[in-house]
Amino acid sequence: MSTNFEKNARTDAAYAGVDMRSLFLRHLAQTSPSPLGLEIVRAEGIHLYDAQGRKYIDLIGGISVCNTGHRHPRVVKAIKDQVDQYLHVLVYGELIQSPQVQYASLLAGNLPEPLNSVYFTNSGAEAVEGAMKLAKRVTGRTEMVAFRQSYHGSTQGALSVMGDEYWRNAFRPLLPGIWHEEYNSAAATDRITERVACVIAETVQGERGVWAPDSGWLRGLRARCDAMGALLILDEIQTGFGRTGSLWGFEQYGVVPDIVLLGKALGGGMPLGAFVADRRLMRELTEAPVLGHITTFGGHPVSCAAGMASLKLLLEEGWIGEVRRKEALFRSRLAHPSVRAIRSCGLLIAVEFEDAGRNQAVIGECIRRGLLTDWFLFAPQCMRIAPPLSITEEEIGAACAIILECLG
Ligand SMILES: Cc1ncc(COP(=O)(O)O)c(C=O)c1O
């Protein structure tokens, strides 16, 4: 092995003309044998631009992250202003960092009581981990109930509550005491007992290919958790921030969880996650042991500044009020004989084809024609549509025209 690293070092200029794809495949750990592998050099609004100068309509918004579009000027300004003040200063929770404090109070002001105390993390999965730990401490119990075909992240705790054996099984042993029930099932609700610390559910199951529960089911789940003394954790990581047509998906079901999980759009395009609960519950993480949950970078000030600018935009711009109309437009434009079904909850839309092969072919053709879309983890036969909420009706028309051309 050579110790002469200098021979591999390149100056920035030396990267000009280098085949980025081969470096990407050689040096960046891969998540699949067939990555999309487009080299993106710029993003703005609902568009991405690649190194060959091709423009793409981004119909998945970074997987429900870019709800206010890519690089909105107000988000970029908030980031630049914060960069001029300070970056990381100390581990989460010790110093008063105004971007964290202001964003936490803005979130609390826009969540129902008792969701008044925000623990910022770096990612959605870390928010899941923190919430699971909190539920154990608050209840003194260890059993947990999750649902089949649910996705909550890829770390070991989040994987333990993931509802798909194919992805879970290879990484056993996972956390004990967790069992999976049928989503939207009253019989499942009845099986929750006084030994259960928490029930964790997505308000709408995203990776299953957009499955919304019946309106009474979540209320029944809430009531059963109350009766059994179990905490209800709702995962709004994909459904939050206006995606479903209200700021939070759970508003449409008349329930308030004990802990809500946030991520994705929370950071306005920067990495950020959070679990939010009553401050009386959160106190459990501060004593016996002290520092019961710690993170170096959670609630990074630049991420909080970006997220707050993005949430203010959502609250001021009226895009959330337009979600249902835009959803209806997608649904009507995409009526086509080869579409088996369209399931949607606001601008979280699954377009179902006869099988995964057909879906992959359509997705590939869309990308060749300048439209980026994707499939769902547990529904490979479904095309994902989750654009920035700022997408206009004309842009929806243009996007649907490309999809229809690809359907032939
Ligand atoms: C519903 C849901 N929960 C949790 C997560 C995990 O978030 P992250 O990838 O930030 O860890 C995701 C990510 O796709 C998600 O969709």
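Just so we're clear, the structure is a prediction, and the values are computed from it rather than from any experiment. (Residues numbered from 1 in each chain as written. Predicted model: local features only at pLDDT ≥ 70, side-chain atom pairs only at ≥ 80, totals over all residues. Heavy atoms only, no water.)

**Q** Could you clarify how one ought to interpret the domain arrangement of the chain in this entry?
**A** What the domain assignment lists for the chain is domain 1 (24-71 + 318-407) and domain 2 (74-316). Taken residue by residue, the interface counts 28 residues in domain 1 and 33 residues in domain 2. Summed over both sides, the interface of domain 1 with domain 2 buries roughly 2600 Å², with 63% coming from carbon and sulfur. Summed over the three residues of domain 1 that lose the most area to domain 2, namely Ile-320, Leu-348 and Phe-378, the buried surface amounts to 28% of that side. There are one salt bridge connecting domain 1 and domain 2. (Domains from an automatic or database assignment. Contact = heavy atoms within 4.5 Å. Buried area = accessible area lost by both parts, 1.4 Å probe. Salt bridge = Lys/Arg side-chain N within 4 Å of Asp/Glu carboxyl O.)

**Q** Is there a simple way to think about the pattern of salt bridges in this case?
**A** Where charged atoms from two side chains of opposite charge approach closely, those side chains can pair. One pass over the structure, following the stated rule, counts 22 salt bridges. Between Glu-393 and Arg-325 there is a salt bridge, with the nearest N and O atoms lying 2.8 Å from each other. Highlighted residues: Glu-393 in helix H14 (residues 393-407) and Arg-325 in helix H12 (residues 319-333), separated in sequence by 68 residues. Each of Glu-365, Arg-368, Arg-369 and Glu-405 takes part in a single network of salt bridges with overlapping partners. (Helix = DSSP H or I, 4+ residues; strand = E, 2+ residues; numbered from the N terminus.)

**Q** Can you walk me through the sheet that holds strand E6 (residues 178-181) in this structure?
**A** Backbone hydrogen bonds are what pair the strands of a sheet, in a parallel or an antiparallel way. If you walk across this open sheet you meet the seven strands as E4-E10-E9-E8-E7-E5-E6, and the pairing is mixed. Only two strands of the sheet have a single neighbouring strand rather than two, namely strand E4 (117-121) and E6. When strand polarity is set aside, the average angle formed by the axes of neighbouring strands in this sheet is 20 degrees. In this sheet, strand E7 (residues 196-202) lies alongside strand E5 (residues 143-147) in parallel orientation, the contact comprising three bridges. Across the sheet, residue Glu-143 finds its bridge partner in E7, namely Val-196. Across the sheet, helix H5 (residues 124-139) is in contact with E4, E5, E6, E7, strand E8 (231-235), strand E9 (259-262) and strand E10 (273-277); its angle to E9 comes to roughly 165 degrees. (Pairing = 2+ DSSP bridges. Axes fitted to C-alpha atoms, helices over the stretch in contact; angles between N-to-C directions.)

**Q** Please clarify how helix H4 (residues 98-109) should be interpreted in this entry.
**A** In an α-helix, one turn spans 3.6 residues, which is why side chains three or four residues apart end up on the same side. For H4, with twelve residues, the first-to-last C-alpha span of 16 Å sits near the 16 Å given by 1.5 Å per residue. Among the residues of H4, Pro-99, Gln-100, Tyr-103, Ala-104, Leu-106 and Leu-107 are the ones counted as buried. Looking straight down H4, one finds that the buried residues subtend no more than 165 degrees of arc, so they occupy a single side. If you follow the buried residues of H4, they end up packed against helix H3 (73-85), E4, E9 and helix H11 (301-317). (Expected span 1.5 Å × (residues − 1). Buried < 20%, exposed > 50% of the residue type's maximum accessible area, 1.4 Å probe, protein only. Arc of directions from axis to C-beta.)

**Q** Looking at this structure, I do not really get the side chain of Asn-116. What am I missing?
**A** By the secondary structure assignment, Asn-116 is in the loop between H4 and E4. A residue is classified by how much of its surface remains accessible, and Asn-116, at 14% relative accessible area, is buried. A polar side-chain atom of Asn-116 sits 2.8 Å from the main-chain amide nitrogen of Arg-279. In this view, Asn-116 contacts Ala-108, Val-276, Ala-277, Asp-278 and Arg-279; residues no more than four positions away in its chain are not counted. (Polar contact = N/O pair within 3.5 Å; in protein donor to acceptor, adjacent residues only side chain to side chain.)

**Q** Looking at this model, I keep getting lost on the site of the ligand. Mind explaining?
**A** Around the ligand, a shell composed of Ser-123, Gly-124, Ala-125, Tyr-151, His-152, Gly-153, Glu-202, Asp-235, Ile-237, Gln-238 and Lys-264 is seen. Take Gln-238: an N or O atom from its side chain is 2.8 Å from an oxygen atom of the ligand. Bound to the protein, the ligand loses 81% of the 390 Å² it would expose on its own. For the shell around the ligand, the class distribution of residues is three nonpolar, five polar and three charged. (Near = heavy atom within 4 Å. Areas by Shrake-Rupley, 256 points an atom, 1.4 Å probe, with all protein chains shown as cover. Nonpolar A, V, L, I, M, F, W, Y, C, P; charged D, E, K, R; others polar.)

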